[in-house]
Amino acid sequence: MGTDSADAVVIGAGINGMAAAARLAAGGWSVALVDGADDIGGFIATGERTLPGYRHDTYSSWHPLFVTGPVYAEFGEALLRHGLSYANTDGPLTASVADDGAVALAHRDVEETVAGFEHAEDRDAYRAMIAGFFAHAEQIGGLLGTELHSTAAWKPLFGLVRGGRPVVEGYVRDAATSGRSWMRGRFRGPETDHLWAPWLLHAGLAPDAASGGLMVPIFAATMHAAGLPVVVGGAGNFTAAWRGLLDELGVTIHTGRTVERILLRDGTAAGVAGDGWSLAANRAVIASVTPTALYGSLLPAGSVPSPVSEQAAAYRPGRAAAQLHVALSGPVPWRDARLAAVPLVHLSDGSASTGIACAEAEAGLVPRRPTVVVGQQHVLDPSRVPAGAAALWLQLQELPFAPVGDAAGALDTAQGWDEKLAAGLADRVLDRLEAQAPGLRELVLGVDVITPPDLLSRNPNALAGDPYGGSAELDQNFLWRPLAAAPKHATPVARLWHIGASTHPGPGLGGASGHLVAGTLLKPTMRSRLRR
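The rules behind these values
- Residues numbered from 1 in each chain as written.
- Predicted model: local features only at pLDDT ≥ 70, side-chain atom pairs only at ≥ 80, totals over all residues.
- Heavy atoms only, no water.
- Helix = DSSP H or I, 4+ residues; strand = E, 2+ residues; numbered from the N terminus.
- Rg over C-alpha atoms; globule rule 2.2 N^0.38 Å.
- Buried < 20%, exposed > 50% of the residue type's maximum accessible area, 1.4 Å probe, protein only.
- Areas by Shrake-Rupley, 256 points an atom, 1.4 Å probe, with all protein chains shown as cover.
- Lys, Arg positive; Asp, Glu negative; His and termini not counted.
- Charge placed at Lys NZ, Arg CZ, Asp CG, Glu CD.
- Contact = heavy atoms within 4.5 Å.
- Pairing = 2+ DSSP bridges.
- Polar contact = N/O pair within 3.5 Å; in protein donor to acceptor, adjacent residues only side chain to side chain.
- 1 Å grid on protein atoms, 1.4 Å probe; cavity = no way out; pocket = protein on both sides within 12 Å on 5 of 7 lines; lining within 4 Å.
- Points joined across faces, edges and corners; volume = space filled by probe spheres on them.
- Nonpolar A, V, L, I, M, F, W, Y, C, P; charged D, E, K, R; others polar.
- Salt bridge = Lys/Arg side-chain N within 4 Å of Asp/Glu carboxyl O.
- Axes fitted to C-alpha atoms, helices over the stretch in contact; angles between N-to-C directions.
- Core = buried A, V, L, I, M, F, W, Y, C linked by side-chain atoms within 4.5 Å.
- pLDDT = per-residue confidence, 0-100.

**Quick look at the overall build of the protein**
Line of reasoning, step 1. Of the regular secondary structure elements, the protein holds 19 helices and 20 strands.
Line of reasoning, step 2. Taking 24 Å as the expected radius of gyration for a compact globule of 532 residues, we find that the protein reaches 23 Å, a close match to that expectation.
Line of reasoning, step 3. Counting the 532 residues in the protein, one finds 59% classified as buried.
Line of reasoning, step 4. Taken as a whole, the protein presents about 20600 Å² of accessible surface, with 53% of it coming from carbon and sulfur.
Line of reasoning, step 5. Of the side-chain charges in the protein, 40 are positive and 51 negative, and the distance between the mean point of each set is 9 Å.

Listed below in structure tokens is the structure:
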């Protein structure tokens with residue numbers, strides 16, 4: 001095959017790769033988007049994984065970060081024109097149910113939410129938490145959407161500084177504080193911890209990990225404002241809309257092509273190549289990969305300073321995850337009838353049980369009482385299931401990739417994630433759910449399990465089955481993501497840029513890093529400005 005060329009070659013067609021490709025193409029660049037999978041989207045897909053007529057979002061599903069982010073602000077109208085449509089909630093939002101049946105419930109409306117709190121001071125503290133975030137939302141959003149190691153970060157920083165020293169110190173302290181400690185210091189009752197501690201798992205954190213104190217208000221305020229939108233008909237329609245947009249913009253899409261190496265010319269990124277094919281990049285190569293892949297296999301040895309390659313080799317994955325998809329003949333028979341209308345429910349006692357499950361996973365054990373994310377997308381979008389039926393999207397985010405044992409002593413982990421272990425985990429999860437929904441098992445028509453190795457097989461960025469592109473603990477986040485020696489999206493190799501969940505601002509279906517890098521490349525250089 002001959003060598004084709006484009007101004008930019010983007011490696012990886014997940015949300016960040018698609019965002020970068022679209023913005024560059026809209027700015028007049030020719031773009032080639034390359035991915036080893038058979039379709040674009042990364043961890044965005046829909047399929048009838050259990051029975052015909054049941055459309056399950058295979059991996060990711062919820063889009064509050066996307067609809068509140070810069071990519072949707074720029075391309076949302078065009079995506080809607082290409083068929084994207086959302087279903088959302090204006091009422092019940094999210095809930096947690098403990099083993100003893102206690103339920104904490106959040107509504108889109110803050111006042112409806114705090115009405116369920118026992119203590120008046122907690123109602124005031126919750127209102128203050130939400131108001132405090134929105135008072136500085138522009139500045140926080142600015143920092144999450146810009147290059148932290150650049151002058152562009154000065155504007156949002158100065159915005160926080162204008163609030164006074166206590167505001168700045170407060171955010172620094174929050175970033176160094178765990179979610180459990182942050183909520184314990186502000187709330188007398190258990191409701192806030194019960195509701196929002198499990199959500200820290202969705203940021204790749206644990207209740208006792210630093211920066212949870214910063215993330216809790218972000219999660220709560222974002223969802224009160226944006227809800228939990230899901231794509232009508234399934235997340236596959238999201239990728240279909242993106243394909244329509246990218247085709248319209250003239251992006252050349254190459255799926256089924258695995259990039260094996262980045263080509264250099266005189267130390268500058270000049271293209272990519274795989275088995276029997278290559279693409280030349282006239283102006284930039286943009287890689288949505290892990291630093292382990294970028295600096296450990298895609299680039300020639302010796303092309304970056306040794307601290308970069310050494311830190312890339314030591315880059316840590318977070319906990320592994322799994323997905324269970326369940327087809328039901330009817331709605332979930334919750335003990336607490338309010339949960340039937342809640343799009344997303346956590347089976348968790350809050351920091352207590354979730355913290356234990358995280359510790360067990362970190363020790364290499366399959367948790368005895370895993371936190372179960374119970375997605376009921378059909379509540380928002382009935383078109384996904386047959387009339388009168390239901391489906392469950394169950395996510396587990398506290399698993400070891402290479403289990404050494406079972407915390408309950410009941411599951412055989414000797415062969416790793418084989419079919420027997422996967423089935424045993426599914427039984428444990430369904431037993432936990434049945435305790436809160438008696439009779440659930442009688443409704444089960446089909447179960448599909450996606451194990452941690454399955455996630456890695458689908459997406460090489462899921463290091464050790466971690467769907468969040470690497471641990472998001474404080475030493476590997478924010479100013480130090482992905483690496484302390486290479487913390488920017490611009491790499492030590494000229495014309496080579498790094499995007500994706502492994503880079504700032506980290507995991508989440510927002511596309512911010514791809515959008516940011518494309519914007520940087522489209523800015524006129526000093527030389528071009530002098531030529532005018």
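**Some points on the environment of Gly318**
Line of reasoning, step 1. Structurally, Gly318 can be placed in the loop between helix H14 (306–313) and strand S13 (320–328).
Line of reasoning, step 2. As for Gly318 and Glu147, which are separated by 171 residues in sequence, their C-alpha atoms are 23 Å apart.
Line of reasoning, step 3. When residues no more than four places from it in sequence are discounted, the contact partners of Gly318 are Asp466, Gly470 and Ser471.

**Side note on the pairing of strand S16 (residues 372–375)**
Successive side chains on a regular strand alternate, one facing one side of the sheet and the next facing the other.
Line of reasoning, step 1. Neither face of S16 is open: one carries Val372 and Val374, the other Val373 and Gly375, and all of them are buried.
Line of reasoning, step 2. Bridge analysis of strand S14 (residues 344–347) against S16 gives four bridges, and the strand direction is antiparallel. Note on S16: the bridge partner recorded for Leu344 is Gly375.
Line of reasoning, step 3. With three bridges joining them, S16 and strand S17 (residues 390–399) adopt antiparallel strand pairing. The residue bridging Gly375 from the neighbouring strand is Trp393, located in S17.

**Considering the side chain of Asp381**
Line of reasoning, step 1. With respect to the element layout, Asp381 can be found in the loop between S16 and S17.
Line of reasoning, step 2. Of the residues examined, Asp381 reaches a relative accessible area of 4% and is grouped as buried.
Line of reasoning, step 3. Within the structure, the side chain of Asp381 is placed 2.5 Å from the side chain of Ser383, a separation counted as a polar contact.
Line of reasoning, step 4. At 3.0 Å, the side chain of Asp381 forms a polar contact with the side chain of Arg384.
Line of reasoning, step 5. Setting aside anything within four residues of it in sequence, one finds Asp381 in contact with Ala87, Val230, Val231, Val232, Gly233 and Gly234.

**Describing the layout of surface pockets**
Line of reasoning, step 1. Taken as a whole, the second largest pocket encloses approximately 510 Å³ of empty space.
Line of reasoning, step 2. Along its surface, the second largest pocket is lined by 19 residues, and Leu143, Leu157, Ala175, Leu214 and Phe478 are the ones closest to its centre.
Line of reasoning, step 3. Sorting the residues of the lining of the second largest pocket by element identifies helix H6 (137–144), helix H7 (154–161), helix H8 (165–175) and helix H11 (212–226) as the ones contributing at least two each.
Line of reasoning, step 4. The class makeup of the residues in the lining of the second largest pocket is 18 nonpolar, one polar and no charged.

**Here we look at the pattern of salt bridges**
Line of reasoning, step 1. For the structure on display, the rule yields 25 salt bridges.
Line of reasoning, step 2. Between Asp427 and Arg441 there is a salt bridge, with the nearest N and O atoms lying 3.4 Å from each other. In this pair, Asp427 sits in helix H16 (residues 419–436) while Arg441 sits in the loop between H16 and strand S19 (444–450), placing the two residues 14 residues apart along the sequence.
Line of reasoning, step 3. According to the relative accessible area criterion, Asp427 is partly exposed, its value standing at 38%.
Line of reasoning, step 4. Connected through salt bridges with shared partners, the residues Asp99, Asp349, Arg369 and Arg432 form a single ionic network.

**Some thoughts on the sheet that holds S14**
Line of reasoning, step 1. Taken in spatial order, the seven strands of this open sheet run S7-S6-S14-S16-S17-S13-S19, and their pairing is mixed. Each edge of the open sheet carries a strand with a single partner, namely strand S7 (103–107) and S19. Strand-to-strand twist across the sheet, computed as the mean angle between neighbouring axes with direction ignored, equals 15°.
Line of reasoning, step 2. The pairing of S13 with S19 spans six bridges and is antiparallel. Residue pairing across strands places His325 opposite Asp448, the latter belonging to S19.
Line of reasoning, step 3. In this fold H16 packs onto strand S6 (92–97), S13, S14, S16, S17 and S19, with an angle of close to 115° to the strand it touches most, S17.

**So, empty space enclosed by the protein**
Line of reasoning, step 1. Applying the stated criterion to the full structure yields two cavities of 30 Å³ or more.
Line of reasoning, step 2. Of the voids in this model, the largest cavity is the one considered here, and its volume is about 90 Å³.
Line of reasoning, step 3. What lines the largest cavity is simply Arg55, His56, Asp57, His325, Gln377, His378, Arg384, Val385, Ala391, Leu392 and Trp393.
Line of reasoning, step 4. If you list the elements that add at least two residues to the lining of the largest cavity, you get strand S4 (56–57) and S17.
Line of reasoning, step 5. Top contributing element to the lining of the largest cavity by residue count: S17, with three residues.
Line of reasoning, step 6. For the lining of the largest cavity, the per-class residue count stands at four nonpolar, four polar and three charged.
Line of reasoning, step 7. The calculated volume of the second largest cavity comes to roughly 70 Å³.
Line of reasoning, step 8. In this structure, the second largest cavity is lined by 13 residues; those nearest its centre are Gly204, Arg319, Gln397, Asp466 and Tyr468.
Line of reasoning, step 9. Each residue belonging to the lining of the second largest cavity can be placed in one class, and the counts come to six nonpolar, five polar and two charged.

**Looking at the nonpolar core**
Line of reasoning, step 1. Counting 47 residues, the largest nonpolar core has Tyr126, Met129 and Trp196 as the members making the most contacts within it.
Line of reasoning, step 2. Only S7, helix H4 (110–114), helix H5 (120–135), H6, H8, helix H9 (179–184), helix H10 (191–196) and H11 provide two or more residues apiece to this core.
Line of reasoning, step 3. Not counting residues within four places of it along the chain, the set of residues in contact with Trp196 comprises Thr94, Ala106, Tyr126, Met183, Val216, Phe219, Ala220, Met223 and His224.
Line of reasoning, step 4. Counting 40 residues, the second largest nonpolar core, distinct from the first, contains Ala78, Leu84, Ala235 and Ala241.

**Description of the packing of H5 against H6**
Line of reasoning, step 1. Running from amino to carboxyl end, H5 crosses H6 at an angle of 65°, the nearest separation of the two axes being 5 Å. Note on element contacts: H6 touches H5 through Ala137, Gln139 and Ile140, opposite Phe133, Phe134 and Ala135.

**With respect to the confidence of the model for the protein**
Line of reasoning, step 1. In this model, the protein carries an average pLDDT of 96, and 98% of its residues clear a pLDDT of 70 or more.
Line of reasoning, step 2. Long-range and interchain partners of residues 526–532, a stretch whose pLDDT sits below 50, account for two contacts in this model, where long-range means more than four residues apart.

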